[in-house]
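What follows is each chain in one-letter form.
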Amino acid sequence: MTAPIRMVNEVVAVDLDERGAVLQLTDARTGSPVRGSAVPADSWKLVTLTDGYPVRHIRGRDQVPDAVERDADQVTFRYDAVEHDGERLDIRVAYTVQLVQDEVRFSMEIGNGGRFRIREVWCPVLTGLDGAWGRALDAPAADLSMTTSNWQQPDVLHQPLARQEFTFNVDVLAEVAHYRYPRQLKMQWLDLSGPDRGLLLYVRDAGLTTTSFRIEKYPPEFGDFTGAHHYPEGTERHLTAAVQRLTSIDPGETWQGAPVVLHPHDGDWHAAASRYRAWARSAYTWCDRPDWLQGFTGFQHLLGKTHLNETYFTFDRFAETFAQTQPRDGINVLMTYGHEHRGCESADFDIQPAQSLGGSEGFAELARRVHAQGGRVMIMTHRHAALATDDPATALFADWFVVTREGMPRQEIWPKTSLESYGRSMLRTYEATGPIWQRVCAFSDSWWETFLDQLLQLIDLGLDGVQMDLMVDEGPICYATGHGHKAGAPEEQLRKLGERLAWLRQRVQEVNPDFTLMGEEFSDWLYQYLDVSFSRYPEAYDDRGTPTGARIFRYALPELLETCSVGAFAYDQLSKAVMTGRGFGVEVLLIKRPILDDPAFHRAIAEANALRIGLADLLMSGGFQDTDGLSIEGRVEHGVHRSAAGVAVVVANVTDQPQSFTIEPGRLPAAQLHRPGEPPTSWSSGPVDLEPHSFCVLTIREHADVPA
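Residues numbered from 1 in each chain as written. Predicted model: local features only at pLDDT ≥ 70, side-chain atom pairs only at ≥ 80, totals over all residues. Heavy atoms only, no water.

1. Section: the pairing of strand S30 (residues 465-468)
- With burial as the criterion, each face of S30 is covered, one bearing Gly-465 and Gln-467 and the other bearing Val-466 and Met-468.
- Relative to S30, strand S24 (residues 376-381) is paired through 4 bridges, and the arrangement is parallel. Within S30, the residue paired with Met-380 across the bridge is Gln-467.
- Two elements, S30 and strand S31 (residues 516-520), share 4 bridges in a ladder whose sense is parallel. For Val-466, the partnering residue across the bridge sits in S31 and is Leu-517.
- In the classification by handedness, the crossover that spans S30, the intervening helix H6 (residues 490-511) and the parallel S31 is right-handed. (Buried < 20%, exposed > 50% of the residue type's maximum accessible area, 1.4 Å probe, protein only. Helix = DSSP H or I, 4+ residues; strand = E, 2+ residues; numbered from the N terminus. Pairing = 2+ DSSP bridges. Right-handed = clockwise from strand over helix to strand, strands pointing away.)

Below is the structure:
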């Protein structure tokens, strides 16, 4: 074996073998290695289609480069062709590893001279990750945490992989999970950290290529039908991490992949989120939100009628409920679901107000009454994306339905109607009496033009905004050949969706500059076109102090607006929303009841919201810093907000017993202590008591420069 190819600067050293596999990556300052396991090193992989079901896995470690070009900070391995099972394939590859300050960047350029589509590009493939870099060299072994924008998993080497799949093919001999962007992850990064150091993987790609952070865990302890395995003490455990891109490189085409970055860093996941934040802010331009959203505190979400013709709120009852709740709780947005003729989940072409709920006149009166109280009316709909197969307008758009690789319309089922709908035939839910949806391709101009027309009619009646449901599922794979996009290329669907949302935003705001666009649980890139993410974050707090996704995303991009669901008696969700600076998404018993039915909890919402509004310059300014390095003693959760106005520390007791907490003397100067429903008091030191499932806020206005 030849000597390793080494690149080194003052921060990081990279060792590659003669085929480009990553032998080692080392912190040049401390000598801490990334790879601690002796498993074979790897580099990249291509997956190509064939005439049938099998696919070809072409591994970089099996290829011999035709040329290696190198300088001090970059190495490029060039292949004029690749081999698979003894067959030479006309696929050209340039695989580059580059040092850029404290980052290692991997990129690939591919020319497909073969007969089949290249469907996946894996780069890099990093094997033997055992967490050795996650601690100081002389420190004992420690838990290795895996963090994404959506969740954190502690001790990943010994615990089941979060959201792992059962993957049954010959290429998988381990526990496997795919963390996908943009249809699952809200940001395209994954971090593996110990208490002292971490390793960040992120993709510098604003082109919306479907990306998976693929994690394989060895040995497979939890991922098969045999239950948990109990290996002998001392069994070696390690991970393989690969960044997997879904591509559609057809014969005769070339592809240049966006750089994938490996960033060894000091500290934990906060350092990873901060690095990605800097890239995201440089790559995306967030939309200019309407001014009224500066004081957005959330919405009350109520159900008109269902597709089963069950009616819960007429337009008159909507208005009456808002008239009673808004003066008490200050929540000034009414979100209606199921306002249209066949009710929610029907996916109708026509989303004008249902006659059975009061018709257009009733909706206009609803808007007038809500506006008179300083409120706003929004609707929740699927009209931007799907059409029911039994809708009379189906024939108008049949040529624009998303289709499978066999050219058949790809249908979706809403399985929430009867016992039959909860049964499954292999991998598909039975239809029962529920709506059967047809997803419409984003490339249909007429579909978007008619959606705009529907919204403009509702704006004439007083509509203030729209929440486009299931936005998280947009970007379907459509194999149509006559839509104006490449067959089977979801990134083209997503780019067109962005174009259409920008167009829609411009057109509706020409009529009403304050018109607001929301979407459900979407990823960061859609904030270029949408104002607020309708998000829920129902995860319970973790006794181990593990951050929920609510903390992670908010810390990474605190300027972006999301909501946090608040159901009946969900006191901890109130605390979470205030702690992370999110609006309340009040949804009581599946949005079928008004919050008025729970007077005690409604009072808690009102008091929490009044406190937050009173401290808006501290708590609603986009300054969430997670814990900001502040240590608090006691069984409580806390979050820190910083703004030009000062510092606010939100402390929550999410247990069933009273708790007391203390803050290290000198860490906070004299502060004001705020509790919902009570006047503020002065606090300088000493314990603070909290009742079960309650929160308080410590504020410091005259000392905005409190050290982190």
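Once you've had a look at it, read on.
2. Looking at the layout of surface pockets
- The space that makes up the largest pocket amounts to roughly 1400 Å³.
- Lining the largest pocket are 40 residues, with Arg-119, Glu-120, Leu-246, Ile-477 and Tyr-479 positioned closest to its centre. (1 Å grid on protein atoms, 1.4 Å probe; cavity = no way out; pocket = protein on both sides within 12 Å on 5 of 7 lines; lining within 4 Å. Points joined across faces, edges and corners; volume = space filled by probe spheres on them.)

3. Concerning the nonpolar core
- Ranked by size, the top nonpolar core spans 154 residues in total, and within it Leu-46, Tyr-95, Met-108, Tyr-179 and Phe-584 carry the most contacts.
- Tallying contributions element by element places helix H5 (residues 445-460) first for this core, with 7 residues.
- Not counting the four nearest positions on each side in its chain, Tyr-95 is found in contact with Gly-20, Val-22, Ser-43, Trp-44, Val-75, Thr-76, Phe-77, Tyr-79, Phe-106, Ser-107, Met-108 and Cys-123.
- Membership of the second largest hydrophobic core comes to 18 residues, among which are Val-651, Leu-673, Trp-683 and Val-688. (Core = buried A, V, L, I, M, F, W, Y, C linked by side-chain atoms within 4.5 Å. Contact = heavy atoms within 4.5 Å.)

4. Overview of the pairing of strand S5 (residues 56-59)
- Every second residue of S5 is oriented toward a common face, the buried set being Arg-56 and Ile-58 and the non-buried set His-57 and Arg-59.
- Direction of pairing for strand S4 (residues 45-48) relative to S5: antiparallel, over a ladder of 4 bridges. Paired with Thr-48 across the two strands is Arg-56, which belongs to S5.

5. Digging into the sheet that holds strand S41 (residues 688-690)
- Here 3 strands make up an open sheet; going across it, the order is S35-S38-S41 and the pairing antiparallel. One side of each edge strand has no neighbouring strand; the edge strands of this open sheet are strand S35 (632-633) and S41.
- Across 3 bridges, strand S38 (residues 659-663) lies against S41 in antiparallel orientation. Within the sheet, the bridge partner assigned to Phe-661 lies in S41 and is Val-688.

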